[in-house]
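Fold and geometry: a report
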Amino acid sequence: MAFTLWALFEASILCLNAVCVLNENRFLAKVGWASWQNVQGFGEPPTIKSQMLNLIRSIRTVARIPLIFINVLTIIIKLIIG
């Protein structure tokens, strides 16, 4: 299998799907990455953990609806091309 732009595109879609599917109560809370476990005081610098949680939350918020259409388009292209 060659490393192509299409393979990179599919890998990024799979990673975005994985982030969007993560359930905060089932998975992230067991690992200790729930939003209520990440309480910071005012003026404290953000930790790497809080930045990752904000990234996951923002990806879920922004990319959910466009990701549905991208998945459908990718499936149709894979069915046509093979």
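Described below are features of the structure shown in this document. Just so it is clear, the model here is predicted, and its values are computed rather than measured. (Residues numbered from 1 in each chain as written. Predicted model: local features only at pLDDT ≥ 70, side-chain atom pairs only at ≥ 80, totals over all residues. Heavy atoms only, no water.)

1. A few points about the side chain of arginine 60
In this fold, arginine 60 is placed in helix H3 (residues 48-81). For arginine 60, a relative accessible area of 15% gives the class buried. In this structure arginine 60 touches Val19, Cys20, Leu22, Glu24 and Leu28, once residues within four positions along its chain are discounted. (Helix = DSSP H or I, 4+ residues; strand = E, 2+ residues; numbered from the N terminus. Buried < 20%, exposed > 50% of the residue type's maximum accessible area, 1.4 Å probe, protein only. Contact = heavy atoms within 4.5 Å.)

2. Section: a nonpolar patch on the surface
Where nonpolar side chains cluster on the molecular surface, the patch consists of Ile65, Ile68, Phe69, Val72, Ile76, Ile80 and Ile81 and spans about 760 Å² of accessible area. You can call valine 72 partly exposed: its relative accessible area is 42%. (Patch = residues over 30% accessible without salt bridge, like charges linked within 9 Å, V, L, I, M, F, W, Y side chains within 5 Å. Areas by Shrake-Rupley, 256 points an atom, 1.4 Å probe, with all protein chains shown as cover. Salt bridge = Lys/Arg side-chain N within 4 Å of Asp/Glu carboxyl O.)

3. Let's talk about the pattern of salt bridges
If you walk through the whole model with that rule in mind, you get one salt bridge. Of the charged contacts in the structure, one is a salt bridge between glutamate 10 and lysine 78, with a shortest N-O distance of 3.2 Å. Note that glutamate 10 is positioned in helix H1 (residues 5-21) and lysine 78 in helix H3, a separation of 68 residues in sequence.

4. Concerning the packing of aromatic side chains
Per the counting criterion, the structure on display carries one aromatic pair. Seen in terms of ring centroids, tryptophan 6 and phenylalanine 9 are 5.4 Å apart; in terms of plane orientation they differ by 35 degrees. Their pairing is tilted. A residue pair is termed a helical-turn pair when its members lie 3 or 4 positions apart in one helix, as tryptophan 6 and phenylalanine 9 do in helix H1 at three residues. Residue class for phenylalanine 9 comes out partly exposed when judged on its relative accessible area of 35%. (Phe/Tyr/Trp six-rings, centres within 6.5 Å; stacked < 30°, edge-to-face > 60°.)

5. Thoughts on the nonpolar core
Counting residues in hydrophobic clusters, the biggest one holds six residues: Val19, Cys20, Ile56, Ile59, Ala63 and Leu67. Looking at this core, the elements that each hand over two or more residues are H1 and H3. For this core, the element with the highest residue contribution is H3, accounting for four residues. (Core = buried A, V, L, I, M, F, W, Y, C linked by side-chain atoms within 4.5 Å.)

6. Focus on H3
For H3, spanning 34 residues, the distance from its first C-alpha to its last is only 41 Å, which falls clearly below the expected 50 Å at 1.5 Å a residue. Positioned one or two residues after H3, glycine 82 has a phi angle of 110 degrees, which is positive. (Expected span 1.5 Å × (residues − 1).)

7. Focus: H1
Helix length check: H1, at 17 residues, gives a terminal C-alpha distance of 24 Å against a target of 24 Å (1.5 Å per residue), a fit within 8%. Taken together, the buried positions of H1 are Ala7, Ile13, Val19 and Cys20.

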